[in-house]
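Chain residues, written in single-letter form:
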Amino acid sequence: ESSLRLDDCDVFENVGNAVLLLNSSDVVAEDCRFHQNDMPHFAGKTNAFITVRRSTLAKGKSLYALDESNVLFEQCHIHDSEGIQLEVQQQTKMYIHQCTIAAGQSNGIKASGQSYVEITDSQVSDHRFPQLVFDDSQLIVRNCELHSGQANGIILENVAEGFIEDTFISNHGLPQLW
């Protein structure tokens, strides 16, 4: 049960994670820049709490969280990942508000294992693979733009549920909703 706060920091070129959280630990990062870390910038397991505000996460997987963790991104710019940009598993909850998630070489967001993701007032664009992939998880998208993907916009599979409201979805290379 550790706690960490990062304000106006640059965290880059690490062989491992920028921040690794286990067992009910929490981090708050505000006005920071994370880039070129070999492992996810933020990794959380077993009830980890991750809050990131007004920050940039680039050139590396931005998030991997699992085991009932909780994640909040507000006013962040997440881009240029080689792999999945944001990934949650095993009943993790993630809230994304006023963020830009763009230019990834894989998926923008992937959720599985009864996870929950809510995206509001955000933009997801320019990913090589399907932008949002939900497997046995829930997705809520409100007042967002989802566009310019090389593959699908959203894929829901294996008892996934989605609710989309007031959202602009266009210009994908494969069916926009699958």
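For the structure given in this document, a descriptive report is provided here.

Focus: the sheet that holds strand β21 (residues 154–157)
Here is step 1 of the chain: On the basis of which strands lie adjacent, the open sheet formed by 7 strands has the order β3-β6-β9-β12-β15-β18-β21 and parallel pairing. Either end of the sheet is taken by a strand with one partner, and the two such strands are β3 (19–22) and β21. Across the sheet, the mean angle separating the axes of adjacent strands is 5 degrees when strand polarity is ignored.
Here is step 2 of the chain: Sheet topology places strand β12 (residues 86–88) next to strand β15 (residues 109–112); 3 bridges connect them, and they run parallel. Each residue of the ladder has a partner; that of Glu 87, found in β15, is Lys 110.

Some points on the packing of aromatic side chains
Here is step 1 of the chain: Evaluated as defined, the whole model comprises 2 aromatic pairs.
Here is step 2 of the chain: Centre to centre, the rings of Tyr 95 and Tyr 116 are 5.8 Å apart; their planes meet at 55 degrees, and the pair counts as tilted. Note that Tyr 95 is positioned in strand β13 (residues 93–97) and Tyr 116 in strand β16 (residues 116–120), a separation of 21 residues in sequence.
Here is step 3 of the chain: On the basis of relative accessibility, which here comes to 33%, the residue Tyr 95 falls in the partly exposed class.
Here is step 4 of the chain: The buried category is assigned to Tyr 116, whose relative accessible area is 18%.

Cut-off values and rules
Residues numbered from 1 in each chain as written. Predicted model: local features only at pLDDT ≥ 70, side-chain atom pairs only at ≥ 80, totals over all residues. Heavy atoms only, no water. Pairing = 2+ DSSP bridges. Helix = DSSP H or I, 4+ residues; strand = E, 2+ residues; numbered from the N terminus. Axes fitted to C-alpha atoms, helices over the stretch in contact; angles between N-to-C directions. Phe/Tyr/Trp six-rings, centres within 6.5 Å; stacked < 30°, edge-to-face > 60°. Buried < 20%, exposed > 50% of the residue type's maximum accessible area, 1.4 Å probe, protein only.

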